[in-house]
Amino acid sequence: MSTLVQGIHHITQCPGPAQQDVDFCTQVLGQRLVKQTVLLDGNIPIYHFYYGNADAEPGSIATSFPYSRKPGRAGSGQISIVCYAVPKGATAFWKPHVERYSIEHGGIQERFGRKYLRLRHPAGMWYEVVEADDSREPWKTKHIGADVATRGFFGAVMSVRSVEEQEQFLVEALGFRKLGVDGAYHRFETSGDGCGSIIDLHHEPDRAPGSWSFGAGTFHHIAFSVDNDEALFAQKALYEELGYTDASEVKDRFYFHSMYVRSPGGILVECTANVSGGFYQDEKPEELGTRLNLPPWYEGQRAEILARLEPVSVPEENRPRRVVKPFSTATPMAAAPAGALSRSNPDFARYER
Ligand SMILES: [Fe+2]
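As the structure is a prediction and not an experimental result, all values here were calculated from the model.

The rules we used
Residues numbered from 1 in each chain as written. Predicted model: local features only at pLDDT ≥ 70, side-chain atom pairs only at ≥ 80, totals over all residues. Heavy atoms only, no water. Axes fitted to C-alpha atoms, helices over the stretch in contact; angles between N-to-C directions. Helix = DSSP H or I, 4+ residues; strand = E, 2+ residues; numbered from the N terminus. Parallel < 35°, antiparallel > 145°, perpendicular 65-115°, else oblique. Left-handed = near helix turned anticlockwise from the far one by under 90°. Contact = heavy atoms within 4.5 Å. Nonpolar A, V, L, I, M, F, W, Y, C, P; charged D, E, K, R; others polar. Core = buried A, V, L, I, M, F, W, Y, C linked by side-chain atoms within 4.5 Å. Buried < 20%, exposed > 50% of the residue type's maximum accessible area, 1.4 Å probe, protein only. Arc of directions from axis to C-beta. Pairing = 2+ DSSP bridges. Salt bridge = Lys/Arg side-chain N within 4 Å of Asp/Glu carboxyl O.

Quick notes on the packing of helix H3 (residues 164–173) against helix H4 (residues 229–242)
For any two helices packed against each other, the geometry comes down to the angle between their axes and how far apart the axes lie.
Part 1 of the reasoning: Between H3 and H4, the shortest axis-to-axis distance is 11 Å and the interhelical angle comes to 135°. Taken together, the axes of H3 and H4 lie oblique to each other. When you trace H3 past H4, the crossing you get is right-handed. Taking contact as the criterion, the partners of Phe-169, Glu-172 and Ala-173 in H3 are, on H4, Gln-235, Leu-238, Tyr-239 and Leu-242.
Part 2 of the reasoning: Looking at the contact of H3 with H4 residue by residue, the class counts come to 5 nonpolar, 1 polar and 1 charged.

Take a look at the structure:
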């Protein structure tokens, strides 16, 4: 059983238009836009936005690939809901708050004894704000005060047609333990001490499989924290030992290193090791998210990339106004063996929009 995996590191979604996503995530969900960069795979520039709490902590980071090029198909085999922790009693605030923005919601409900409000991104993805004790530092906006704001992820829901093999993967490959069952939901908690520790498997045996590619209106993958590169390679070896032999190479995502595997239920699962400096390698803490940043190996093509991206404006809520604590690198970073990391190196000028 893995003891390498901590809590959730980030969850990646495919919304539609970029500005619509920035507006929803910052104004409706009240997230801090902590990074504007681009997708580090493929040959066509696609934005990559990172949103998080006040301290831009792993466990609070939602990342977006605005993907108007193609609609996705929501279904089983996907992350179906991303859940944010809010203080006890705060769902009473969130219902009228989302109604002010004409956001679709499911009313205040309860699962495993916790109140939550389920609400929908204009592009189609579902979120929940779940009442929980959580001491992480919230990002505040004009309309969302610290007493009701999100703290970071509470967890995520995976839609699966069959529970058994996905449960086995969570327990054996990722080290989760089962907490219980509430109707069609099977709840698991990570054995690590990371934030964002809950995974619910939603048993939907008759739900058609969702799309696996990038596509507007769907979540693409979930990432869990591991301590360092050494742990990433150890986790890859564990997958292979258990027979999950399609684990990817370890990829250089500039702010962290990543390794992916397709889980039995269909959900793409990433493990992620922070690198020293994290989000502060290319921006001061007080300036996070205020301009487009590219990894050094893309800088030579900045003009070609910019020409293909729709302009977005950073909302008032996300203008610099406070210094946050350094990105967590609590464990010394083990350097990856030379040549062990994978980077894409496209020629953006060769491809038409
Ligand atoms: Fe990721």
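Quick look at the environment of Asn-228
Part 1 of the reasoning: Secondary-structure assignment places Asn-228 in the loop between strand E13 (218–226) and H4.
Part 2 of the reasoning: Each C-alpha atom, one on Asn-228 and one on Leu-4, is 9.6 Å from the other, the two residues being 224 residues apart in sequence.

Observations concerning the nonpolar core
Part 1 of the reasoning: With 78 residues, the main nonpolar core has Leu-119, Ile-222 and Tyr-239 as its most contacted residues.
Part 2 of the reasoning: Take this core: its biggest share by element is 5 residues, from helix H1 (residues 18–28).
Part 3 of the reasoning: Contact partners of Ile-222, with chain neighbours within four places excluded, come to Ile-8, His-10, Ile-11, Ile-79, Ala-156, Met-158, Ile-199, Ile-267, Leu-268, Val-269 and Glu-270.
Part 4 of the reasoning: By size, the runner-up hydrophobic cluster in this structure holds 10 residues, among which are Cys-83, Ala-85, Tyr-116 and Phe-154.

Details of H3
Part 1 of the reasoning: Those residues of H3 that sit buried are Gln-166, Phe-169, Leu-170 and Ala-173. Buried residues of H3 fall within an arc of 110° about the axis and therefore sit on the same side.
Part 2 of the reasoning: Positive phi appears at Gly-175, one or two residues downstream of H3, with a value of about 80°.

Describing the sheet that holds strand E11 (residues 185–190)
To summarise the sheet geometry, strands pair through backbone hydrogen bonds and adopt either a parallel or an antiparallel arrangement.
Part 1 of the reasoning: Ordered in space as E6-E7-E8-E5-E9-E12-E11-E10, the 8 strands form an open sheet in which the pairing is mixed. Where the open sheet ends on each side, the last strands, each with one partner, are strand E6 (105–111) and strand E10 (176–182). Across the sheet, the axes of successive neighbouring strands diverge by a mean angle of 25°, strand direction being ignored.
Part 2 of the reasoning: Inspection of the sheet shows E6 paired to strand E7 (residues 114–120) by 5 bridges, in the antiparallel sense. Bridging across to E7, His-105 finds its partner in Leu-119.
Part 3 of the reasoning: Contacts from helix H2 (residues 91–100) reach strand E5 (78–86), E6, E7 and strand E8 (126–131) within the one sheet, and its direction differs from that of E7 by about 10°.
Part 4 of the reasoning: Strand contacts of H3: strand E9 (152–160), E10, E11 and strand E12 (198–203), with the helix running at about 170° to E12, the strand carrying the most contacts.

Structural notes on the pattern of salt bridges
Part 1 of the reasoning: According to the stated counting rule, one finds 16 salt bridges in the structure shown.
Part 2 of the reasoning: Between Glu-99 and Lys-95 there is a salt bridge, and its shortest N-O distance comes to 3.4 Å. Note that Glu-99 and Lys-95 are positioned in helix H2 at a spacing of 4 residues, about one turn of the helix.
Part 3 of the reasoning: For Glu-99, a relative accessible area of 39% gives the class partly exposed.
Part 4 of the reasoning: Judged by relative accessible area, which is 30%, Lys-95 ranks as partly exposed.
Part 5 of the reasoning: Arg-111 serves as the salt-bridge partner of Asp-200, at 3.1 Å between the closest nitrogen and oxygen. Here Asp-200, found in strand E12, pairs with Arg-111, found in strand E6; they are 89 residues apart in sequence, far enough to count as distant.
Part 6 of the reasoning: Through salt bridges that share partners, Arg-111, Arg-118, Glu-128, Arg-187 and Asp-200 make up one connected network.

Side note on the pairing of strand E4 (residues 61–64)
Part 1 of the reasoning: Here E4 shows no split at all, with Ile-61 and Thr-63 on one side and Ala-62 and Ser-64 on the other all buried.
Part 2 of the reasoning: Taken together, the 4 bridges between strand E1 (residues 8–14) and E4 define a ladder with parallel strand orientation. The residue of E4 that forms the bridge with Gln-13 is Ser-64.
Part 3 of the reasoning: Pairing of strand E3 (residues 47–52) with E4 involves 3 bridges; the strand directions are antiparallel. What sits directly across from Phe-49, in E4, is Ser-64.

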